[in-house]
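Architecture and fold: a report
In case you want the letters, here they are:
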Amino acid sequence: MTKTEMLVTFIGWIGGAVSSDIGKFVLGAAGALFIAWFNTRLGIWRDERADKRKREGQTAYSVALLVSALRQYLKNCMAVMEDKGQPDRDQGEYEHWISSVPTPKFAYSDKIEWTLIDPQLMYEVLALSTVEAGHEEAVESAYEHSYGPDNHGWIEERQLRYAELAAIAISHLIEIHKKHPMRFTGDPTAEMKRVSEKLLELEAARKKEAEDNAFWLAEMQKKHPPVPRAGIAGAVAAVVEDEPDAPIRPESEKAPR
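What comes next is a walk through the structure.

How each quantity is defined
Residues numbered from 1 in each chain as written. Predicted model: local features only at pLDDT ≥ 70, side-chain atom pairs only at ≥ 80, totals over all residues. Heavy atoms only, no water. Helix = DSSP H or I, 4+ residues; strand = E, 2+ residues; numbered from the N terminus. Buried < 20%, exposed > 50% of the residue type's maximum accessible area, 1.4 Å probe, protein only. Polar contact = N/O pair within 3.5 Å; in protein donor to acceptor, adjacent residues only side chain to side chain. Contact = heavy atoms within 4.5 Å. Core = buried A, V, L, I, M, F, W, Y, C linked by side-chain atoms within 4.5 Å. 1 Å grid on protein atoms, 1.4 Å probe; cavity = no way out; pocket = protein on both sides within 12 Å on 5 of 7 lines; lining within 4 Å. Points joined across faces, edges and corners; volume = space filled by probe spheres on them. Nonpolar A, V, L, I, M, F, W, Y, C, P; charged D, E, K, R; others polar. Axes fitted to C-alpha atoms, helices over the stretch in contact; angles between N-to-C directions. Parallel < 35°, antiparallel > 145°, perpendicular 65-115°, else oblique. Left-handed = near helix turned anticlockwise from the far one by under 90°. Phe/Tyr/Trp six-rings, centres within 6.5 Å; stacked < 30°, edge-to-face > 60°. Patch = residues over 30% accessible without salt bridge, like charges linked within 9 Å, V, L, I, M, F, W, Y side chains within 5 Å. Areas by Shrake-Rupley, 256 points an atom, 1.4 Å probe, with all protein chains shown as cover. Salt bridge = Lys/Arg side-chain N within 4 Å of Asp/Glu carboxyl O.

You can see His 172 is positioned in helix H5 (residues 154–179). Judged by its relative accessible area of 5%, His 172 is buried. A polar contact of 3.5 Å, which involves the side chain of His 172, links it to the backbone oxygen of Glu 124. Among all residues touching His 172, those that are not within four sequence positions of it are Leu 70, Leu 121, Glu 124, Val 125 and Leu 128.

The following block contains the structure:
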């Protein structure tokens, strides 16, 4: 029997089976099962598609809120970075050097779905508040160790610390663009260039100040070298200077030789 004859025989057998009552029942049941399966799969596919679109929308919304918060924080930090301060009086003498630029605080919306954000990125952004607190303590310490009226060193420390925080905000924005690229994300190129320039400028100024202080100290030591005391007379004089209020014993109270 050839293949063609086998195919014709098989089709004839199928036709006979379908034409019978049992065949019609089996065919109907199979069709009903297929339709039920197809409708179930179609419903699952629609639900999965709807969930995916909803998740993508929530992710986009959370990323938009986070990018907006970081960009505002970056702007505020750069304002402090560029601030040189001013005297606390418009004219005449003044006692302290102050700043009218508010201290930035990183804040974000409570509507951000953090579980939709990349885990490592989420941790780094949430840790920003801790880093910020450490920089604030450094600025406060610099102010406490500065003296009026210019409070030299404080405004420079404030500029440096918030330039560093601005650099951290920029790095987070870059990572967001890598992990969650969207139309509104991107590298803040102009801000990155300015912050890098300011950090180099502040580091150079700090290095020069350290060199100037070392030079001044060396010159002072040359002009006023310490005079070493020699012999017993020098030792006695040193003791007398260390204890100027010690009573002088009369000759009668001295121990006999």
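The subject of this paragraph is the nonpolar core. The nonpolar side chains of soluble globular proteins are, as a tendency, buried together. With 34 residues, the main nonpolar core has Leu 66, Leu 70, Tyr 73, Leu 74, Phe 106 and Ile 176 as its most contacted residues. Of all the secondary-structure elements, those providing two or more residues to this core are helix H2 (21–82), helix H3 (119–126), helix H4 (128–144), H5 and helix H6 (189–223). Here this core takes 12 residues from H5, the largest share from any one element. With residues near it in sequence (within four places) discarded, Leu 66 still touches Ile 112, Trp 114, Val 125 and Ile 176.

Roughly 410 Å³ of volume is contained in the largest pocket. Forming the boundary of the largest pocket are 17 residues, of which His 152, Ile 155, Glu 156, Glu 157 and Gln 159 lie nearest the centre. For the lining of the largest pocket, the secondary-structure elements that each account for two or more residues are H5 and H6. For the lining of the largest pocket, the element with the most residues is H6, which contributes 6 residues. Among the residues making up the lining of the largest pocket, the classes are represented as 5 nonpolar, 3 polar and 9 charged.

What follows concerns the packing of H3 against H5. Axis separation between H3 and H5 bottoms out at 11 Å; the angle between their running directions is 160°. The pairing of H3 with H5 is recorded here as roughly antiparallel in orientation. Two packed elements cross with a definite hand, and for H3 against H5 that hand is left-handed. Taking contact as the criterion, the partners of Leu 121, Glu 124 and Val 125 in H3 are, on H5, His 172, Glu 175 and Ile 176. Residue composition of the contact of H3 with H5, by class: 3 nonpolar, 1 polar and 2 charged.

Our next topic: the packing of aromatic side chains. Scanning all chains against the criterion turns up 4 aromatic pairs. Both rings, one in Phe 106 and one in Tyr 108, keep their centres 5.7 Å apart while their planes meet at 50°; by these two values the pair is tilted. Since its relative accessible area comes to 37%, Tyr 108 is described here as partly exposed. Measuring from ring centre to ring centre gives 5.3 Å for Tyr 108 and Trp 114, while their planes differ by 85°; the resulting arrangement is edge-to-face.

To continue, consider a nonpolar patch on the surface. Nonpolar side chains collect at one region of the surface, where Phe 34, Ile 35 and Trp 37 lie side by side and expose about 370 Å² of accessible area between them. Assignment of secondary structure puts Trp 37 in helix H2. Taking relative accessible area as the criterion, Trp 37 reaches 51% and is therefore assigned exposed.

This part covers the pattern of salt bridges. Taken as a whole and assessed by the stated rule, the structure comprises 13 salt bridges. With a shortest N-O distance of 3.7 Å, Glu 175 and Lys 178 are connected by a salt bridge. Linking Glu 175 with Lys 178, this pair stays in helix H5, spanning 3 residues, or about one helical turn. Each of the salt bridges in this network shares a partner with another, and the network as a whole consists of Glu 82, Lys 193, Arg 194, Glu 197, Lys 198 and Glu 201.

Without other data, these values stay purely geometric and don't point to any function.
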